[in-house]
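# Architecture and fold: a report
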Amino acid sequence: MTSRLPLLVLSCVAILQGSYANSVSSSETPSVIVSTTAEPIAPGPFEPDWQSLASYEMPEWFRDAKFGIWAHWGPQCAPEQGDWYARHLYFEDGPAWGTNVTAFHRDTYGHPSVAGFKDVIHQWTAEKWNPDELLELYVKAGARYFFAMANHHDNFDLWDSQYQPWNAVRLGPKRNIIAEWARVARSHGLKLGLSVHAAHAWSWYEPSQGADKKGALAGIPYDGNLTAEDGKGTWWDGLDPQDLYEQRHTPSPNFEDPLSIHSRWNWDNGAVLPDQAYCERFYNRTMDLINQFSPDLLYFDDTALPLWPVSDAGLKIAAHFYNQNLARNPTTDPGVLFAKILTPDQRECLTWDIERGVPTTTLPYAWQTDTCLGHWHYDRSVYEQKTYKSARTVIHMLADIVSKNGNLLLSVPIRGDGTIDEEERRILHEIASWMNVHGEAIYETRPWSVFGEGPASEGVELRDQGFNEGKGKPFTAEDVRYTMSKDGHHLYIIVLGAPRQPLSLQALGWNPSGRQIENLQLIGDELPVEWEQHAESLSIEPLEAARFNDIAMVFKVDFETN
């Protein structure tokens, strides 16, 4: 480990437990506890407070890019049992949903009193991972930026981490995964994003402190209670499991309830609050990640910023990230930093990421949806049952999101060995085929005066600032979405299907204050289109079946110049 750098203030505050889910005003900063082990903030215009961060301005390249692909990949993908494996394996009766992770883990790896998640890491080799081949496929599918997961709630760092000995260079694959992802992404001209999820390991791993309540091993503590002293003579001799599990504290009430973590994501509702040492470790690890790889985009799976409002670590990380980007880029590019469940004033400081959801109307600022073809971590049952999102679903989501001033970040689940399955490849090839022809209606566009028309726009609510995916009416050929080229010269009508009946578009009726259409063509087709603009609507006659695109047809509109 390298020597640590000079003094910097880092706070991890003793706030009384209770419900304060984002109730601390973003203009307030917690009381400060001085740290002597913090990585320094890069000099620049941004200071670690909400008022300073509010001067942030979104770079144009992000608004132009529209579509990114995410490798949400790490050791939890190795069992191929879906999301949150490293937490779920510690529930004796299994999680509240999904596959029986408990039985699978005990049958495959052993009882968690001896073989917990540390042992999954030990057996993970990623032996077939070829980042060059995967990135080539993602670029062909139309990705303009690429995200790699740097760590998850499992607290395992996927780079040569200075502050976390449990990392992929030292253990498991023994490869610098983030360095390899970064090299290949940039060789393809993609903007590099890194996602950081480890701020919640303190609470997320609390079930590892438990023990079976029945059976032959009842009362024997799980391996979340182990220390470095217990490792003598084992494969992990010289490592401290507490650096991975972070259970140097009494667990929160009801920690053995699989659902308890969801009500405590904001460090409220009785959650035991992290201590200063934990906050410092997270801060230093994240600063080390930024300093090593200089990402263009940074994603936190947190409310507002990581550890907020317990700590101001996230504020310092944000200021450093923006300042570092400004130092290496033109002065108009501070990068893009994503966070979730933001208050209106926080949306001036950060880019709002809406997990598995879409707002019901156009937003005045750029934002992002993150979603997945299947489950976040690879789940073989999704492949076997063929329940991935189809290319059609992805394209319809993308059109809807872009029409509302957003971007789509799509995760393509990766097996533990580093490969994707043939069904995912087929979906990506279908996305590529559509994007190759119709991409001009997506890239470098801006919202029009209305985002669209059709029945799918009705009756959808954005629940908890996300998670409304699939809750509304399904898209049909009666639904259209509008985008405008950023130079304002072309309007695109994206029809979410292949209409067999005439289209009647109310938003494009002519009126004395409106614009008259000069030309209308079907993208990817040179034959003429029959259309007529009336005072109340634009009508487009149905096309011959041979001209149909069953995923989404796109018409390009040119208006008369004044």
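Note that the structure is predicted; figures quoted are calculated from it, not measured.

For the rest of this paragraph, the subject is the sheet that holds strand S9 (residues 367–372). As summarised here, the arrangement of the 8 strands in space is S3-S4-S5-S6-S7-S8-S9-S10, forming a closed barrel in which the pairing is parallel. Across the sheet, the mean angle separating the axes of adjacent strands is 30 degrees when strand polarity is ignored. Of the strands in this sheet, strand S3 (67–71), S9 and strand S10 (406–411) touch helix H13 (residues 391–403), which is tilted by about 150 degrees from S10.

Ranked by size, the top nonpolar core spans 148 residues in total, and within it Phe 117, Tyr 138, Phe 146, Ile 178 and Trp 181 carry the most contacts. In this structure Trp 181 touches Ala 71, Trp 73, Trp 129, Pro 131, Leu 134, Leu 135, Phe 146, Ala 148 and Ile 414, once residues within four positions along its chain are discounted. Of all hydrophobic cores here, the second largest spans 23 residues; its members include Tyr 482, Met 484, Val 529 and Phe 555.

Let's shift gears to the pairing of strand S4 (residues 145–151). In the case of a regular strand, side chains alternate between the two sheet surfaces. Where burial is concerned, most of S4 is hidden: 7 out of the 7 residues are buried. Note that S3 and S4 share 4 bridges and pair parallel. Across the sheet, Ile 69 pairs through a bridge with Phe 146, a residue of S4. One ladder, built from 6 bridges, connects S4 with strand S5 (residues 191–196); its direction is parallel. From the neighbouring strand, Phe 146 faces S5, where its bridge partner is Leu 192.

A few words now on the sheet that holds strand S15 (residues 503–505). Strand order in the open sheet formed by 3 strands is S15-S18-S17, with antiparallel pairing between adjacent strands. Of all strands in the sheet, those bounded by a partner on one side alone are S15 and strand S17 (531–533). Pairs of neighbouring strands in the sheet enclose a mean axial angle of 10 degrees, with direction left out of account. Pairing between S15 and strand S18 (residues 538–540): 3 bridges, direction antiparallel. Across the sheet, the residue bridging to Leu 505 is Leu 538, located in S18.

So, on to the environment of Trp 166. For Trp 166, the position within the fold is in the loop between S4 and helix H7 (177–187). Taking C-alpha positions, Trp 166 is 8.9 Å from Lys 118, a pair spaced 48 residues apart along the chain. Of the polar contacts made by the side chain of Trp 166, one reaches the backbone oxygen of Asp 240; its length is 2.9 Å.

Moving on, we come to the pattern of salt bridges. This model, assessed by the stated rule, comprises 36 salt bridges. Through salt bridges with shared partners, a single ionic network connects Asp 240, Asp 243, Glu 246, Arg 248 and Arg 281.

With 13 residues, H13 should cover 18 Å at 1.5 Å per step; its first-to-last C-alpha distance of 18 Å lies within 8% of that length. A large share of H13 lies buried, amounting to 11 of its 13 residues. Those residues of H13 lying buried are Ala 391, Val 394, Ile 395, His 396, Met 397, Leu 398, Ala 399, Asp 400, Ile 401, Val 402 and Ser 403. Positive backbone phi, at 80 degrees, marks Asn 405, one or two positions downstream of H13.

As a further point, take the packing of aromatic side chains. When we look at a pair of aromatic rings, we describe it by the centre distance and by the angle of the planes. On inspection of all chains with the given rule, the structure shows 30 aromatic pairs. Centroid distance Phe 46 to Tyr 322: 5.0 Å. Interplanar angle 50 degrees. Geometry classified as tilted. Of the two residues, Phe 46 is situated in the loop between strand S2 (34–35) and helix H1 (50–53) and Tyr 322 in helix H11 (residues 313–328); the sequence distance between them amounts to 276 residues. Note on Phe 46: relative accessible area 6%, which makes it buried. With a centroid separation of 5.5 Å and an interplanar angle of 80 degrees, the aromatic rings of Trp 50 and Trp 308 are classed as edge-to-face.

This next bit is on unusual backbone geometry. Geometrically, the link from Trp 308 to Pro 309 is a cis peptide bond, its omega value of 0 degrees lying close to zero. Structurally, Pro 309 is set in the loop between strand S6 (297–303) and H11. Not every positive phi belongs to a glycine, and Ala 126 is a case in point at roughly 50 degrees. Summarising the element assignment, Ala 126 is placed in the loop between helix H5 (117–123) and helix H6 (131–140). With relative accessibility at 1%, the residue Ala 126 sits in the buried group. Here the phi dihedral of Lys 174 falls at roughly 55 degrees; this positive angle occurs in a residue that is not glycine. By secondary structure assignment, the location of Lys 174 is in the loop between S4 and H7.

Turning our eyes to something else, we now look at the packing of H6 against helix H14 (residues 422–438). Where H6 meets H14, the axes come as close as 8 Å, and the angle between the chain directions of the two elements is 40 degrees. In this view, H6 runs oblique relative to H14, as classed from their interaxial angle. Across from Glu 133, Leu 137, Tyr 138 and Lys 140 in H6, the residues of H14 making contact are Arg 425, Leu 428, His 429, Ala 432 and Asn 436. Here the residues of the contact of H6 with H14 are counted per class, giving 4 nonpolar, 2 polar and 3 charged.

As a further point, take the state of the cysteines. Two cysteines form a disulfide when their sulfur atoms are joined by a covalent bond. Tallied over the entire structure, the rule returns 0 disulfides. The thiol sulfur of Cys 77 is not disulfide-bonded, and the nearest other cysteine sulfur, from Cys 372, lies at 9.3 Å. Residue Cys 77 is classed as buried on the basis of its relative accessible area of 0%.

Given a rise of 1.5 Å per residue, 18 residues ought to cover 26 Å, and the 26 Å separating the end C-alpha atoms of helix H10 (residues 276–293) matches this to within 8%. A distance of 3.3 Å separates the backbone nitrogen of Ala 277 from a side-chain oxygen at the start of H10, and that oxygen is part of Asp 275.

Turning our attention to the side chain of Asp 119. Within the secondary structure layout, Asp 119 lies in helix H5. Classification of Asp 119 by relative accessible area gives buried; the value is 10%. A distance of 2.9 Å separates the side chain of Asp 119 from the backbone nitrogen of Gly 116, its partner in a polar contact. Only 2.9 Å separates the side chain of Asp 119 from the side chain of Lys 118, close enough to count as a polar contact. Aside from chain neighbours lying at most four places away, what touches Asp 119 is Tyr 109, Val 114, Asp 223 and Trp 235.

Now for the confidence of the model for the protein. Looking at the protein as a whole, its pLDDT mean stands at 91, while 91% of the residues score no less than 70. Under a pLDDT of 50 for its full length, residues 1–36 has, in the predicted model, 101 contacts with residues more than four places off or in other chains.

Our next topic: the pairing of S5. Taking burial as the measure, the 6 residues of S5 include 5 buried ones, the bulk of the element. A crossover links S4 with its parallel partner S5, the connecting element being H7, and its sense is right-handed. Pairing of S5 with S6, which is carried by 4 bridges, proceeds in the parallel orientation. Following the sheet pairing, Leu 194 is matched in S6 by Leu 298.

How each quantity is defined
Residues numbered from 1 in each chain as written. Predicted model: local features only at pLDDT ≥ 70, side-chain atom pairs only at ≥ 80, totals over all residues. Heavy atoms only, no water. Pairing = 2+ DSSP bridges. Helix = DSSP H or I, 4+ residues; strand = E, 2+ residues; numbered from the N terminus. Axes fitted to C-alpha atoms, helices over the stretch in contact; angles between N-to-C directions. Contact = heavy atoms within 4.5 Å. Core = buried A, V, L, I, M, F, W, Y, C linked by side-chain atoms within 4.5 Å. Buried < 20%, exposed > 50% of the residue type's maximum accessible area, 1.4 Å probe, protein only. Polar contact = N/O pair within 3.5 Å; in protein donor to acceptor, adjacent residues only side chain to side chain. Salt bridge = Lys/Arg side-chain N within 4 Å of Asp/Glu carboxyl O. Expected span 1.5 Å × (residues − 1). Phe/Tyr/Trp six-rings, centres within 6.5 Å; stacked < 30°, edge-to-face > 60°. Parallel < 35°, antiparallel > 145°, perpendicular 65-115°, else oblique. Nonpolar A, V, L, I, M, F, W, Y, C, P; charged D, E, K, R; others polar. Disulfide = S-S within 2.5 Å. pLDDT = per-residue confidence, 0-100. Right-handed = clockwise from strand over helix to strand, strands pointing away.

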